[in-house]
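Architecture at a glance
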Amino acid sequence: MTSSPPAWIVVGRSPDGLVSVALDADGAEIERRSLDDDALPGEIRRVENADGPGPRWVWSDTPEWYERLLDVGVRVARCHDLRLCHAILRDSRLVADAADLRAATAWDAAASVEPARDDQALFALEDESPARRVGPPSVAAALEEFARQRDAIRAAADPGRLRLLCSAESAGALIAAELRHAGLPWDAAVHDRILVDILGERPRGTGAPARLDELAKRVRQELDDPTASLDSQPKLLQALHRAGVMVHSTSRWELAEHEHPVIEPLIEYRRLSRLLSANGWNWLSEWVHDGRFRPVYVPAGVVTGRWASSGGGALQIPRQLRGAVRADPGWAFVVADVAQLEPRVLAAMARDVDLAAAARGRDLYAGVVESGAVSTRQEAKIALLGAMYGATTGDSGRLVPRLRRTYPRSMALVDAAARTGEDGGVVSTWLGRTAPAPSPAWTTAQSRASDPDATEGDVTRARRWARDRGRFTRNFVVQGTAAEWALVWLGDLRARLAAFPRTDDRASAGRSGASFAHQAHLVFFLHDELIVHTPAADAERVAEAVRASAAAAAGLLFGSFPIDFPLDLRIAQTAEKS
DNA sequence: TACTGGTGCGCG
DNA sequence: AAAGCGCGCACCAGTA
C-alpha cells in the first residue's frame, strides 16, 4: 500500500461501532478502520503523535467528539467541523450553487449546547433521524456531507477565502471546547472580598447585604414611600412620579438627567443590585468549582460569526470582578487585546490607505484627530463608531459626514453595505460569511408599501424596517470580518502554544483539566481579547507568540496591505486592568 | 405552573 | 426614551 499520509480522516458511526476513513488530498479513500468506542482516543493519539503534518479530523460536531477526548488527555491539532462549515457554505454568497447543501437539512441542527452527560453512551447506536439522533451520524452521511462541502469550496468564486474561514471556524470550535476544559482560573476568596467591599457582609439567610439594604432604605425615604418596590419597573416609575421625578423610563441615563435627592441612591442601589443578582454569591457557587470558571462557549453563536456563550454570562463578566481571575502559583497570565480592531479591519477591507496610515503603529483615534477630520480623540471615537453602526442623529450623526470627506473609501464600503441591506440584498464578510436574507415579513412589508392602496402606516413601517436592516448589514461586514480576524489570530496562537515544551510543574495538575496542566494554554476569549495561562517562566515567549499571531492574522486576511494590529498586552497575576 | 415580552444593564 | 451594531441574563408582569 502506498503510504502517502492522509490529508483527512473522517469519523462516524457504523452498524458495528465507529469507523475512521482516511482520505488523500483529493478526497479519495485510502484506508478504512473499524474501531470500538473505547479505541477511538487511542487511535487519535497514535495518529497525532506520528511524524509529519497530521491530518484534519473531519467530524460532525466538535463538542460531540472532542470533550470526551480532552477528558482522557487527547488533543488534536486540526479538525473540520461539518456542522459549522455547513452553515457557512450553505449561506455564503461566494458559493456558486448551494442547492445540495441547502437540501441536506440534517446538518442544519443547532449547536449541542449541553455538555455530554457522563451516563450517556455517546458513541452508541441511536435513532438516525436528525431530530432524535443522540450520537454522531453515520460515517456514510459524514462522507457525503464532506464531499458536498469540498465541492462547494472548489467551485466557489474565491476558494482560498472559504478554505481559510472553514479552517479558522473549526479551530475556533476546538478552542471553545479547550477553554471550557481548562477553565478560567478564578479565586473565590478574592471574588468574595470584592463582593463584601461593594455590597457589605453576606447576609445569613434570605435578607439583602448590608450596603444594599441601607441604599434601599434611603431610596424609600427620599421617595417618602416606606413600601416602595424598587425591583418592579412599573411600580418604581409610579413612585418616582409621585415624588415629582417625571421620567419616562427608569433607566440610568434618564434618571441621571434629573435633579432629585432620590436619584443618587437609586442609581447606586441598582448598580449593587445588579452585581448581586448577576455575579453574586449564588453565581459563585454555581459557576466556580475547584478554582475554575467553566462557561459554555458557542462558536458562531452570533449571526456575524462572533461567539456567544450559554450559561454563566461568560461574555459579560463585569470589569469590577476581573481581579478574581488569578493565575495559579508559579503561573502567569498573558492578557492581550487588540486596539480598535473594527476600524482597522474596515480600513483593510476598503483598501483605505489614509485610514490605515492614521492607524499605523499607534492609537487609531489619535491618528484620525491628526488628519484634521475631528478635533478630539473622543470625537474620533464616536464618529467612527457612528459610521460603523449607522448613526444619523446626535453628536455621532453630526460627525460622520466629516469622516466621509476624510476617509471616503472606508465610508463608501459601509454605506454600500447599508444600501444593499435596505434594498433587501445580502452582504458578506471579507472571508465570505454571508448575512441572512431578509425575513418573509420584511419582504412582505416592503412590497406592501409600494402597493397603490398602501396606508401611511405601511409606508412608515417599511421605511423603518429598511433602515433597521441597513444598519444591520452596515455593521455586519465590519463586525463579522473583525470576528474572522480574531478567530485566525486565536487559531494561529493555539498552534504556536501547542509547540511549547511541557513543564513538570504539577501545581496546576487536576485544576486545568487533563490536557493542560503542564503547558501554556488559552483560558479566555472575548471578541478582541484573549488570556493565556502559562508557566511564569514561559510568559515572555507566550507574549511574543501572541504578537506574532496577530501579525500572521493580518497577513492571512489582508495580504500585503499595510494595516497593523497593535496589541495592549501585559503579563500579570490577574486579569485586572491596571 | 410554564411560557412570553418588556425592561434594564453587563460585555465587545 | 435613546441617538447607533451585536449579544445573555435576571427580574417582573401578563397570560395561558
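Here we summarise the structure given alongside this text. (Residues numbered from 1 in each chain as written. Chains lettered and ligands numbered in written order. Predicted model: local features only at pLDDT ≥ 70, side-chain atom pairs only at ≥ 80, totals over all residues. Heavy atoms only, no water.)

Attention shifts here to the packing of helix α13 (residues 341–349) against helix α18 (residues 408–422). Two elements in contact, α13 and α18, have axes separated by 9 Å at closest approach and are oriented at 95 degrees. The angle between the axes of α13 and α18 places the two elements in the roughly perpendicular class. In this structure, α13 uses Leu346, Ala347 and Met349 to contact α18, whose residues at the interface are Ser410, Met411, Leu413 and Val414. (Axes fitted to C-alpha atoms, helices over the stretch in contact; angles between N-to-C directions. Helix = DSSP H or I, 4+ residues; strand = E, 2+ residues; numbered from the N terminus. Parallel < 35°, antiparallel > 145°, perpendicular 65-115°, else oblique. Contact = heavy atoms within 4.5 Å.)

Spatially, β12-β13-β11-β14 is the arrangement adopted by the four strands of the open sheet, whose pairing is antiparallel. Every interior strand has two partners, whereas the edge strands, β12 (521–525) and β14 (567–572), have only one. Neighbour to neighbour, the strand axes of the sheet diverge by 20 degrees on average, direction disregarded. Where strand β11 (residues 331–338) lies against strand β13 (residues 529–535), seven bridges are found, and the strand directions are antiparallel. Bridged to Val334 within β13 is Val532. Lying on the sheet, helix α20 (residues 456–498) is in contact with β11, β12, β13 and β14; it crosses β12 at an angle near 160 degrees. (Pairing = 2+ DSSP bridges.)

Strands sit in the order β6-β8-β7 across an open sheet of three strands; the sheet is antiparallel. In this open sheet, the two edge strands, each paired with only one partner strand, are β6 (184–185) and β7 (288–289).

A word on unusual backbone geometry. The phi torsion at Asp290 lies on the positive side, around 50 degrees, for a residue other than glycine. Tracing the chain through its elements places Asp290 in the loop between β7 and β8 (292–293). Asp290 sits in the exposed class, given a relative accessible area of 64%. (Buried < 20%, exposed > 50% of the residue type's maximum accessible area, 1.4 Å probe, protein only.)

The next point concerns the protein's contact with DNA strand B. Of all residues adjacent to DNA strand B, which total 17 residues, the nearest are Thr250, Arg252, Arg274, Arg319 and Asp528. Within 4 Å of the protein, atoms of DNA strand B come from sugar and phosphate in 79% of cases. Arg252 places a polar side-chain atom, nitrogen or oxygen, 2.9 Å from a phosphate oxygen of DNA strand B. Contact between DNA strand B and Gln316: a base nitrogen at 3.5 Å from a side-chain N or O atom of the residue. Looking at the surface near DNA strand B residue by residue, the classes come out as four nonpolar, seven polar and six charged. (Near = heavy atom within 4 Å. Polar contact = N/O pair within 3.5 Å; in protein donor to acceptor, adjacent residues only side chain to side chain. Nonpolar A, V, L, I, M, F, W, Y, C, P; charged D, E, K, R; others polar.)

Further remarks concern the nonpolar core. Counting residues in each nonpolar core, the largest one holds 133 residues, and the members touching the most others are Trp186, Val368, Trp485, Trp489, Val532, Val546 and Phe558. Per-element tally for this core: the top contributor is α20, with twelve residues. Sequence-distant contacts of Val532, that is, excluding residues within four places in its chain, are made with Ala332, Phe333, Val334, Leu493, Leu497, Ala520, His521, Leu522, Val523, Val542 and Val546. Counting residues in each nonpolar core, the second largest holds 21 residues, with Val47, Trp65, Cys79 and Phe516 among its members. (Core = buried A, V, L, I, M, F, W, Y, C linked by side-chain atoms within 4.5 Å.)

Below, the discussion takes up the pairing of strand β1 (residues 8–14). Regular strands have side chains that alternate between both faces of the sheet. Most of β1 sits inside the fold, with seven of its seven residues counted as buried. Two elements, β1 and strand β2 (residues 17–23), share seven bridges in a ladder whose sense is antiparallel. Within the sheet, the bridge partner assigned to Trp8 lies in β2 and is Leu23. Hairpin connection from β1 to β2: two residues lie between these consecutive antiparallel strands.

Let's shift gears to the packing of aromatic side chains. Ring pairs (aromatic) are described by centroid distance and by the angle formed between their planes. Scanning the entire structure with this criterion turns up 14 aromatic pairs. Between Trp59 and Trp65, the ring centres sit 6.4 Å apart and the planes meet at 5 degrees, which makes this aromatic pair stacked. This pair shows no difference in class: Trp59 is buried, exactly as Trp65 is. When the centroid spacing of 6.4 Å and the interplanar angle of 15 degrees are considered together, the rings of Phe558 and Phe565 count as stacked. Phe565 carries the same exposure label as Phe558, and that label is buried. Taken together, the ring pairs connect Trp430, Trp485, Trp489, Phe558 and Phe565 into an aromatic cluster. Over the ring of Trp430 we find Arg161, and its NZ or CZ is 4.2 Å from the ring centre. Here Arg461 stacks its cationic end above the ring of Trp465, 4.9 Å away from the centre of that ring. (Phe/Tyr/Trp six-rings, centres within 6.5 Å; stacked < 30°, edge-to-face > 60°. Lys NZ or Arg CZ within 6 Å of the ring centre and 35° of its normal.)

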